[in-house]
Amino acid sequence: LRKMAAEEPIAAAFVLIDCPPSLGLLTLNALAWATEVIIPLQAHYLSLQGMAKLFETCALVLQQLNPKLRISGILFCQFDASAKLSGEVTGEVESFLSDARGKNQPWSEALIFETQIRRNIKLAEAPSFGQSIFQYAPSSAGAADYSVLAEEVMKMRAK
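Bear in mind the structure is a predicted one, so any value in this text is a computation, not a measurement. (Residues numbered from 1 in each chain as written. Predicted model: local features only at pLDDT ≥ 70, side-chain atom pairs only at ≥ 80, totals over all residues. Heavy atoms only, no water.)

This part covers a nonpolar patch on the surface. A cluster of nonpolar side chains, F14, L16 and M154, forms an exposed patch at the surface whose accessible area comes to about 350 Å². As for its placement among the helices and strands, M154 is situated in helix α7 (residues 141–158). (Patch = residues over 30% accessible without salt bridge, like charges linked within 9 Å, V, L, I, M, F, W, Y side chains within 5 Å. Areas by Shrake-Rupley, 256 points an atom, 1.4 Å probe, with all protein chains shown as cover. Salt bridge = Lys/Arg side-chain N within 4 Å of Asp/Glu carboxyl O. Helix = DSSP H or I, 4+ residues; strand = E, 2+ residues; numbered from the N terminus.)

Right, dumping it as structure tokens:
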């Protein structure tokens, strides 16, 4: 590994930490270590309450443990573009983030990813087989959505 590192420069390095949807010890440790957070969010009103609580937690972690922490974006998951509720929740998040611009908060520069992870049964099945979506169903809509997300994140980093 050392030899390879010395010979080949690494263009970008990412470590993804996928935490459970709770504010337990694992999530707090991840926030204390991370520099950026991508928040997956279902387009439901109750999810907005969870997002607000996570924002509060990120602000506390920023102040007390990790001054480099920032929320880079919101990723809508299990998204149903045809549902009116999806549009309403998206509008609420857009408005909230717009109001935060220029303020000293970890989410003040956050964006809403253009990529939306559509509701897809293959995404729900893959973990039960101990596989990623790319192993389990590489031609599924879920795999396509996450591939597009990876490209979007890489383009963000290139700017």
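Within the fold, S47 resides in helix α3 (residues 45–64). In terms of polar contacts, S47 uses its side chain to reach the backbone carbonyl oxygen of Q42, at 3.4 Å. Among residues more than four places away in sequence, those in contact with S47 are L41 and Q42. (Polar contact = N/O pair within 3.5 Å; in protein donor to acceptor, adjacent residues only side chain to side chain. Contact = heavy atoms within 4.5 Å.)

Moving on: the confidence of the model for the protein. In low-pLDDT segments, the atomic positions of the prediction should not be examined closely. When pLDDT is averaged along the protein, the result is 89, and 91% of the positions lie at 70 or above. Low confidence marks residues 1–5, where pLDDT is under 50. Its contacts with residues over four positions away, or in another chain, come to zero contacts. (pLDDT = per-residue confidence, 0-100.)

To continue, consider the pairing of strand β2 (residues 70–77). With seven of eight residues buried, β2 lies mostly within the body of the structure. Sheet topology note: the strand β1 (residues 36–42)/β2 ladder contains seven bridges and is parallel. Residue pairing in the sheet places L41 in a bridge with F76 of β2. Crossover β1 to β2 through α3 is right-handed. Of the strand pairs in this sheet, β2 and strand β3 (residues 111–112) are connected by two bridges, and their pairing is parallel. (Buried < 20%, exposed > 50% of the residue type's maximum accessible area, 1.4 Å probe, protein only. Pairing = 2+ DSSP bridges. Right-handed = clockwise from strand over helix to strand, strands pointing away.)

Right, let's talk about the packing of aromatic side chains for a bit. As enumerated under the stated definition, the model contains five aromatic pairs in all. Judged by centre distance (5.0 Å) and plane angle (20°), the ring pair of F129 and Y136 falls under stacked. Taken together, the ring pairs in this structure connect F55, F96 and W107 into an aromatic cluster. (Phe/Tyr/Trp six-rings, centres within 6.5 Å; stacked < 30°, edge-to-face > 60°.)

Quick look at the pattern of salt bridges now. Taken as a whole and assessed by the stated rule, the structure comprises five salt bridges. Here E88 ties to K84 by a salt bridge, and the two come within 3.9 Å at their closest N and O atoms. Placement of the pair is E88 and K84 together in helix α4 (residues 84–100), with a separation of four residues, close to one helical turn. Using a relative accessible area of 33% as the deciding quantity, one classes E88 as partly exposed. For the salt bridge of K122 with E125, the shortest nitrogen-to-oxygen distance reads 3.7 Å. In this pair, K122 and E125 are both assigned in helix α5 (residues 121–125), three residues apart and thus about one turn of the helix distant.

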